[in-house]
Amino acid sequence: MKLFCKPLVSAAAAAVFVAGFCCKAEKCEKCGNEKNASVKTIAAVPAEDVKLLLPDTIYATPGVETNIYFENIVRVINPANYIFEARCKKGRWDEKRWSFTPSDKDVGSFKIKINVIGNQGVLASKRVNVVVAPRTAGKGRNISILMVGDSLTAGTAYPRRMFQLFQTQDNPKVFMVGTHSGAGRPRANDGVIHEGYGGWTWCSFNTKWTEDKEFAKLTKPIDVIYARSPFLAKKEGKLVYDLKEYFDRKNNGKAPDIITFLLGINDIASANDENLEKRIAWVLENMDKLLTEMRKAAPDAVIGVGLTTGGATSQDAFGKSFGSRISRWQFKKNQHRLVEAMLHKFAKSNPNNIRLIPAYINLDCEHNFPSLVEPINSGNKKTVVRLSNSVHPSLDGYSQIGDTFFCWAKAMLAEQDKAEAKK
């Protein structure tokens, strides 16, 4: 005998019946149950709140691997609960990524569609343009590059990876602009140099200044370098930007051809749900100030802002770096919200002609972060491998960031080549 009649509940609702009665009528014609028992139901299951975070364009170039790591593009607690589709005529769709290493015949652009699928079907979807720049973009030119950032840049690994890729055949000759090659060291023997400062924020480059009396006491190169923003000066008692003078000192009086930024981790790492929006407004305000001044001083430069990278996939890494002060899930929410705000900001208004570098997409946060072999606990001699750094990748991860910056730069040079050819 059937216990239930139709319609029971809508298709979107999940219901549990604990008695025989199933409809509002005094007696159900189909099942015959009397209205003599209560009906208890569980409310409809809400749709999953999946935030799909993708820019409009990502970049590639022949011989360099480009990835979209699915973990990095969704704000969900456990990405393993979802299926990711990467619908595209090129590349390889794996369980946790879409991967593509172009050849010369792939130069041009094409679309990839990313779908996120849950129990209720497709929960989020977006088409992204993939631009493959020619291997020869910028060939025969002399270009200068200024790279600005926090500890990820200060570590020098991804600037070096980008510089090394430019040393391969069919590339322009590159001169790097900066104050140090990490930890206050002078220009490295291979020519790699930058403006990377561990712990710094967008605000730091706008405000960091140690007065002369205290500055004179500093003796260590790293302390001297970190004491003042390289872009500021004190004139007539006022702190002002001195970008023109900076270019005079560091780049023979010329503005760099390419300027990149990778900041944001220190800006939002300690934020929580209550103050996050206020913190992001502060980030965007300081970003605007610095980018506006940079554009004034370098009107013809290509200026790229890296979309802030995520952290390691495990709380183990955050526990190792921060103890119990910062959670991996909170950091991911903060980082995703900042990237979302940056994407929205530059889509809405972009008076300084800033280009976005999708730095967070092509980083394997599961495998390309440092790890340690540790005892399971003090009472167990067995060991386990745990991720051990929250936001600083391993050399392999830094190389992926360098690949992203290189592919983006090649695309910018290709645009310039096309514009020059039309003249």
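Before going into details, it helps to say that this report is about the structure given with it. (Residues numbered from 1 in each chain as written. Predicted model: local features only at pLDDT ≥ 70, side-chain atom pairs only at ≥ 80, totals over all residues. Heavy atoms only, no water.)

### Overview of unusual backbone geometry
Even without being glycine, A183 reaches a positive phi, approximately 55 degrees. Inspection of the secondary structure puts A183 in the loop between β11 (173-177) and β12 (195-196). A relative accessible area of 37% means that A183 is categorised as partly exposed. (Helix = DSSP H or I, 4+ residues; strand = E, 2+ residues; numbered from the N terminus. Buried < 20%, exposed > 50% of the residue type's maximum accessible area, 1.4 Å probe, protein only.)

### Examining the sheet that holds strand β5 (residues 83-87)
Strand order across the open sheet formed by four strands is β2-β9-β8-β5, with mixed pairing between neighbours. Edge positions in the open sheet fall to β2 (57-60) and β5, since each of these has one partner strand only. Within the sheet, the average angular offset between the axes of one strand and its neighbour, ignoring direction, is 30 degrees. Relative to strand β8 (residues 108-118), β5 runs antiparallel, the two sharing five bridges. Within β8, the residue paired with F84 across the bridge is V116. (Pairing = 2+ DSSP bridges. Axes fitted to C-alpha atoms, helices over the stretch in contact; angles between N-to-C directions.)

### A few points about the packing of helix α6 (residues 243-250) against helix α8 (residues 276-297)
The interhelical angle for the contact between α6 and α8, taken along N-to-C directions, is 60 degrees, at an axis separation of 9 Å. Between α6 and α8, the angle is such that the two are oblique. At the point where α6 passes α8, the crossing takes the right-handed sense. In contact with L243, K244 and F247 of α6, α8 contributes E293, M294 and A297. The residue inventory of the contact of α6 with α8, partitioned by class, reads four nonpolar, no polar and two charged. (Parallel < 35°, antiparallel > 145°, perpendicular 65-115°, else oblique. Left-handed = near helix turned anticlockwise from the far one by under 90°. Contact = heavy atoms within 4.5 Å. Nonpolar A, V, L, I, M, F, W, Y, C, P; charged D, E, K, R; others polar.)

### Topic: the nonpolar core
Judged by nonpolar contacts, the single largest core of 111 residues is most densely connected at W98 and F261. Considering every element that reaches this core, the biggest residue donor is helix α11 (residues 395-422), with eleven residues. (Core = buried A, V, L, I, M, F, W, Y, C linked by side-chain atoms within 4.5 Å.)

### Overview of the layout of surface pockets
The volume enclosed by the largest pocket comes to roughly 480 Å³. Contributing to the lining of the largest pocket are 21 residues, with E71, P79, E95, K96 and E366 lying nearest its centre. Across the lining of the largest pocket, the residue classes break down as nine nonpolar, four polar and eight charged. Looking at the second largest pocket, its volume works out to about 280 Å³. Around the second largest pocket, the lining comprises 15 residues; the ones closest to its centre are P55, D56, T57, L343 and L356. For the lining of the second largest pocket, the secondary-structure elements that each account for two or more residues are β2, α10 (328-348) and β17 (354-357). Looking at the lining of the second largest pocket residue by residue, the class counts come to ten nonpolar, two polar and three charged. (1 Å grid on protein atoms, 1.4 Å probe; cavity = no way out; pocket = protein on both sides within 12 Å on 5 of 7 lines; lining within 4 Å. Points joined across faces, edges and corners; volume = space filled by probe spheres on them.)

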